[in-house]
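The primary structure of each chain is shown beneath.
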2 protein chains.
Amino acid sequence: MDKIIVQKYGGSSVSSTEKIKLIANKLIQRKKTSPKIVVVVSAMGDTTDDFISMAKDITKSPDKRELDVLMSTGEMISASLLAISLKSLGCESISYNAYQLNIQTSGIHGKSLIDDIDVSKINESLDDGEIVIVTGFQGLNDEGDITTLGRGGSDTSAVALAVKLKGSCEIYTDVDGIYFTDPRKYGEAKKLKEIEYEEMLELASLGAQVMHSRSIELAQKYDVELYVGLSCSDIQGTYIKGSKDMKLEDKVITGLATCDDDAAITIVDIETKSVSPLFENIAVDGVSVDMISQTAPFNNKVNVSFTIPKEDLQQCRGIVKNYVREENIVVDEEITKFSLVGLGMKNTSGVASKVFKIFSENNINIKLITTSEIRITCAINSSCKEVAIKAIAKEFNV
Amino acid sequence: MDKIIVQKYGGSSVSSTEKIKLIANKLIQRKKTSPKIVVVVSAMGDTTDDFISMAKDITKSPDKRELDVLMSTGEMISASLLAISLKSLGCESISYNAYQLNIQTSGIHGKSLIDDIDVSKINESLDDGEIVIVTGFQGLNDEGDITTLGRGGSDTSAVALAVKLKGSCEIYTDVDGIYFTDPRKYGEAKKLKEIEYEEMLELASLGAQVMHSRSIELAQKYDVELYVGLSCSDIQGTYIKGSKDMKLEDKVITGLATCDDDAAITIVDIETKSVSPLFENIAVDGVSVDMISQTAPFNNKVNVSFTIPKEDLQQCRGIVKNYVREENIVVDEEITKFSLVGLGMKNTSGVASKVFKIFSENNINIKLITTSEIRITCAINSSCKEVAIKAIAKEFNV
């Protein structure tokens, strides 16, 4: 039996009728080798933003149930136009919406989670030789009200359909795949042929915006092979899959992410007993602390360093002042969080020491370090960022 | 129990978020005296036309099922925005679409007929004190596909809801009511306070475009009182209702319609036996013949006059030439069809002779006459149109 392919096209891929016609032509070519295709579409270009600004014209806080009704029309528009385009080219096609597929969701409006999808109509249509178009980003709650899935919702719709249809999932977007690191920051960054779910999740949490974490988690849970690539192009993209489906030997480092949005605060000689209440107070104020390191106590006093978003610096400094004198607070706004991700770290000892050695040889001071099983993050001076990327890429041959 | 009011707002009434806010404010005022309000909305302004041109960008003849999906989103957009606006002003409100109300339709895509509506959700919401917004113009067929109702569809949705909810129906549009005759053609035309269904249907068939015949027929069938008026205005509009609900004495003439789109053809000395095949051939060619008159036979020959749309004149002349010589065909392109409509004609004898007398006194020649039970139509010379309207309005005091 032919494997079902679920393709998803993002808003920029369907932003005009011209682009929709291009996709229709690509689909017709693809159908020759993959006869069973389901296509999930996002709203055209800026449609969703336009709807939000219309609603905001009326009120600052539009009712969430009705906002979901409004937003959901965007995908119905692009779905019908793609079906019209396919049929005009002689290719049988049909569009389905959340009602027709009973896409059940739970949770709140604007951030709903998919519980189930009835794919019987899709299977019938596929058996009839039709390319099936499904409106992404939306579902129904128990009351039969339209809900939307929030950021990255159409990706999640596509993966959920692939789960239910036991198919694979191809995400077409405006980037041509996943890179070792952001090519805008490091021009020589290589594109990855494949990446493991966990690695992709780590990179997503570090700011790689190609796909939303939710859809990757769902794909991982049900072992759906994902592909991310450029729409309407023959350039090879990146596969996201489970480690058992990858080459036997993992690369030690798969991805590198940097972030310049944080500042480091170091507090000198704070009372040991004040450390816990200090972080509690910072948390109460909604400031998210990321990296933390603390020295060993001496005379019941310690030094503590941590990073916070730069935008929260003033607020956080105010809280710290309640615990130590001004001159004991050192703020460093010139830091870059430098993260290396790789499933191979699990099985390869000495990755951290190798990284430290590379940094040392290049005169890069490490200010803070945190690690997870498959990630090392160092805070370094921002001016050293480029040198660090090049040195790491060279030494790990990535 | 409070009578349910079904209001319908056309596309020009909801063409911007500003106008939607105005309607929301009007509704909140109205709710104080009429606590149970259901609102049917059309798509905003030119949305439907925009959708059609997007589809036509892709193909000359877009698939009808998918075109209905596309078109139906227009009403979902305006419905959600109106509900958002009402809720932002503190008025409980909820929008429902064709799926949520199971608006069952039959017939073909783009021209479907409403079979039934499940109003249980509407009644629950009304009991909860909510203003209910319903997407007009759309329904579902047996397959659960979205259908649209064609021209005047939202009017029909509103009347159908009024039928099911045993309410009355108010159609808000960009004209302030029904006039004795088109005010653009006769500046002194008076607005009617009320008009009977049959009269309105006759006027609609004669070109009065305020409401589509379908919705009037439906209102007549189930005796739903209709009101037509300007949206967001206190100007009194026109009631359309059954004769038993009107004043005891009908006015003899309620409305006057003129049409300059037809030409008259007169055929002199055509063989009696040729008359029937002539009209058959004209019908086969798709030309719609309106008024016909024939003289008594003399030597097995008669004179026949009839009117046809001017645009079909060349085609029709070609057919006539097969039956008589060119010099026996007289074409008159300078005619106006002049129609008087009034339920009172049924019970008032001599209306026709009074009309003829008025025309005669004003030197207006009548070229052709047809009548129905409540209508008299005369073809007169176009140059006499204004004189005729004034004379009739004066003599019948309308």
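Parameters and conventions
Residues numbered from 1 in each chain as written. Chains lettered and ligands numbered in written order. Predicted model: local features only at pLDDT ≥ 70, side-chain atom pairs only at ≥ 80, totals over all residues. Helix = DSSP H or I, 4+ residues; strand = E, 2+ residues; numbered from the N terminus. Buried ≥ 20, exposed ≤ 12 C-beta atoms within 10 Å, placed from the backbone. Contact = placed C-beta atoms within 7 Å. Least-squares fit on C-alpha atoms with pLDDT ≥ 70 in both. Pairing = 2+ DSSP bridges. Axes fitted to C-alpha atoms, helices over the stretch in contact; angles between N-to-C directions. Domains from an automatic or database assignment. Nonpolar A, V, L, I, M, F, W, Y, C, P; charged D, E, K, R; others polar. Left-handed = near helix turned anticlockwise from the far one by under 90°. pLDDT = per-residue confidence, 0-100. Core = buried A, V, L, I, M, F, W, Y, C linked by C-beta atoms within 7 Å. Parallel < 35°, antiparallel > 145°, perpendicular 65-115°, else oblique. Arc of directions from axis to C-beta.

### Quick word on the overall build of chain A
Inference 1: Scanning chain A for helices and strands turns up 11 helices and 20 strands.
Inference 2: Considered along the principal axes of its C-alpha atoms, chain A spans approximately 80 × 50 × 30 Å.
Inference 3: Residues classed as buried in chain A amount to 47% of the 398 residues present.
Inference 4: Summarising the internal contacts of chain A: among those between residues at least 6 apart in sequence, 74% fall at separations of at least 24.

### With respect to the interface of chain B and chain A
Inference 1: Taken together, the contact pairs 28 residues of chain B with 28 residues of chain A.
Inference 2: Of all the elements in the fold, those that place two or more residues in the side of chain B that touches chain A are α1 (17-33), α2 (47-58) and α3 (64-88) of chain B.
Inference 3: Per-element accounting of the side of chain B that touches chain A gives the leading share, 14 residues, to α3(B).

### Digging into the relation of the copies chain B and chain A
Inference 1: Aligned on chain A, chain B shows an RMSD of 0.2 Å; the corresponding rotation is 179° and the shift along the axis is 0.0 Å. These values place the two chain copies in the arrangement generated by a two-fold rotation axis. When each C-alpha of chain B is compared by its distance to the rotation axis, T73(B) comes out closest, at 2.7 Å.
Inference 2: Taken together, the interface assignments show that 100% of the residues at the interface of chain B recur at the interface of chain A, consistent with an identical surface on both copies.

### A look at unusual backbone geometry
Residue and element names in this part refer to chain A.
Inference 1: Although it is not a glycine, N102 adopts a positive phi angle of roughly 45°.
Inference 2: Position of N102 relative to the elements: it lies in the loop between β3 (93-96) and β4 (104-106).
Inference 3: According to the C-beta neighbour criterion, N102 is partly exposed, with 15 such atoms within 10 Å.
Inference 4: Positive phi outside glycine occurs at K166, with the angle close to 50°.
Inference 5: Along the chain, K166 falls in the loop between α5 (153-165) and β9 (168-173).

### Side note on the pairing of strand β13 (residues 255-259) of chain A
Residues and elements named next belong to chain A.
Inference 1: Buried residues dominate β13, accounting for 4 of its 5 residues.
Inference 2: Sheet topology note: the β13/strand β18 (residues 335-341) ladder contains 5 bridges and is antiparallel. Its bridge partner lying in β18, G255 is registered against V341.

### What to know about the sheet that holds strand β11 (residues 226-230) of chain B
Residue and element names in this part refer to chain B.
Inference 1: A sheet is described by the order of its strands in space; here 8 strands give the open sequence β3-β6-β2-β1-β9-β11-β12-β10, paired in mixed fashion. The open sheet terminates on both sides in strands that have one partner only, identified here as β3 (93-96) and β10 (194-196). Pairs of neighbouring strands in the sheet enclose a mean axial angle of 20°, with direction left out of account.
Inference 2: Sheet topology places strand β1 (residues 5-9) next to strand β2 (residues 37-41); 5 bridges connect them, and they run parallel. Bridged to I5 within β2 is I37.

### So, the domain arrangement of chain A
All names here are of chain A.
Inference 1: By the assigned domains, chain A splits into domain 1 (5-245) and domain 2 (249-398).
Inference 2: Each of domain 1 and domain 2 was reduced to a C-alpha centroid, and the two centroids are 36 Å apart.
Inference 3: Facing 17 residues of domain 1, the contacting portion of domain 2 comprises 16 residues.
Inference 4: For the side of domain 1 that touches domain 2, the elements supplying multiple residues, two or more each, are β10 (194-196) and α6 (197-205).
Inference 5: By residue number, the principal contributor to the side of domain 1 that touches domain 2 is α6, which donates 4 residues.
Inference 6: Its residues assigned to classes, the side of domain 1 that touches domain 2 shows 7 nonpolar, 3 polar and 7 charged.

### Let's talk about the environment of I28(A)
Residues and elements named next belong to chain A.
Inference 1: Structurally, the position occupied by I28 is in helix α1 (residues 17-31).
Inference 2: Along the sequence, I28 and C91 sit 63 residues apart, while their C-alpha atoms lie 7.0 Å from each other.
Inference 3: Excluding residues within four positions of it along the chain, I28 makes contact with L89 and C91.

### What about the packing of helix α2 (residues 47-58) of chain A against α3(B)?
Inference 1: With their axes 9 Å apart at the nearest point, α2(A) and α3(B) run at an angle of 35° to one another. Note on packing geometry: the crossing formed by α2(A) with α3(B) is right-handed. In this structure, α2(A) uses M54(A), A55(A) and I58(A) to contact α3(B), whose residues at the interface are L81(B), I84(B), S85(B) and S88(B).
Inference 2: Within the contact of α2(A) with α3(B), the residues separate by chemical class into 5 nonpolar, 2 polar and no charged.

### Observations regarding the sheet that holds strand β18 (residues 335-341) of chain B
Residue and element names in this part refer to chain B.
Inference 1: On the basis of which strands lie adjacent, the open sheet formed by 4 strands has the order β13-β18-β20-β19 and antiparallel pairing. The strands lining the two open edges of the sheet, one partner per strand, are β13 (255-259) and β19 (366-372). In this sheet, neighbouring strand axes are inclined to one another by 15° on average, regardless of whether the strands run parallel or antiparallel.

### Focus on the confidence of the model for chain A
Inference 1: Counting all residues, the mean pLDDT for chain A is 93, and 99% of those residues have values of 70 or more.
Inference 2: Two numbers describe this predicted complex: its pTM, 0.86, and its ipTM, 0.85.

### Re the pairing of strand β14 (residues 262-271) of chain A
All names here are of chain A.
Inference 1: As defined by bridge partners, β14 adjoins strand β16 (residues 301-309) across 8 bridges and the pair is classed as antiparallel. Considered in β16, the bridge of I270 is made with V302.
Inference 2: Pairing between β14 and strand β17 (residues 329-332): 4 bridges, direction antiparallel. From the neighbouring strand, I267 faces β17, where its bridge partner is I329.

### With respect to the nonpolar core
Inference 1: Among the nonpolar cores identified, the biggest contains 231 residues, and L82(A), V39(B) and L82(B) are the most heavily contacted of them.
Inference 2: Apart from residues lying up to four places away in sequence, L82(A) is in contact with V14(A), I20(A), I23(A), A24(A), V39(A), V41(A) and I133(A).

### A short note on the packing of helix α6 (residues 197-205) of chain B against helix α7 (residues 213-222) of chain B
Residues and elements named next belong to chain B.
Inference 1: Where α6 contacts α7, the axes come no closer than 10 Å and their chain directions differ by 165°. Taken together, the axes of α6 and α7 are roughly antiparallel relative to one another. When you trace α6 past α7, the crossing you get is left-handed. Between α6, through Y197, M200, L201, A204 and S205, and α7, the contact on the second element is made entirely by S213, I216, E217, A219 and Q220.

### Quick look at helix α4 (residues 120-127) of chain B
Residue and element names in this part refer to chain B.
Inference 1: When we look at burial in α4, the residues that qualify are I122, S125 and L126. Along the axis of α4, the buried positions cluster into a sector of 100°, meaning they face one direction only. Seen from the buried face of α4, the exposed residues on the opposite side, beyond 90 degrees, are S120, E124 and D127.
Inference 2: Looking at the buried residues of α4, the elements they touch are β2, β3, β6 (131-135) and α5 (153-165).
Inference 3: Among the residues trailing α4, G129 stands out with phi positive, at a value near 85°.

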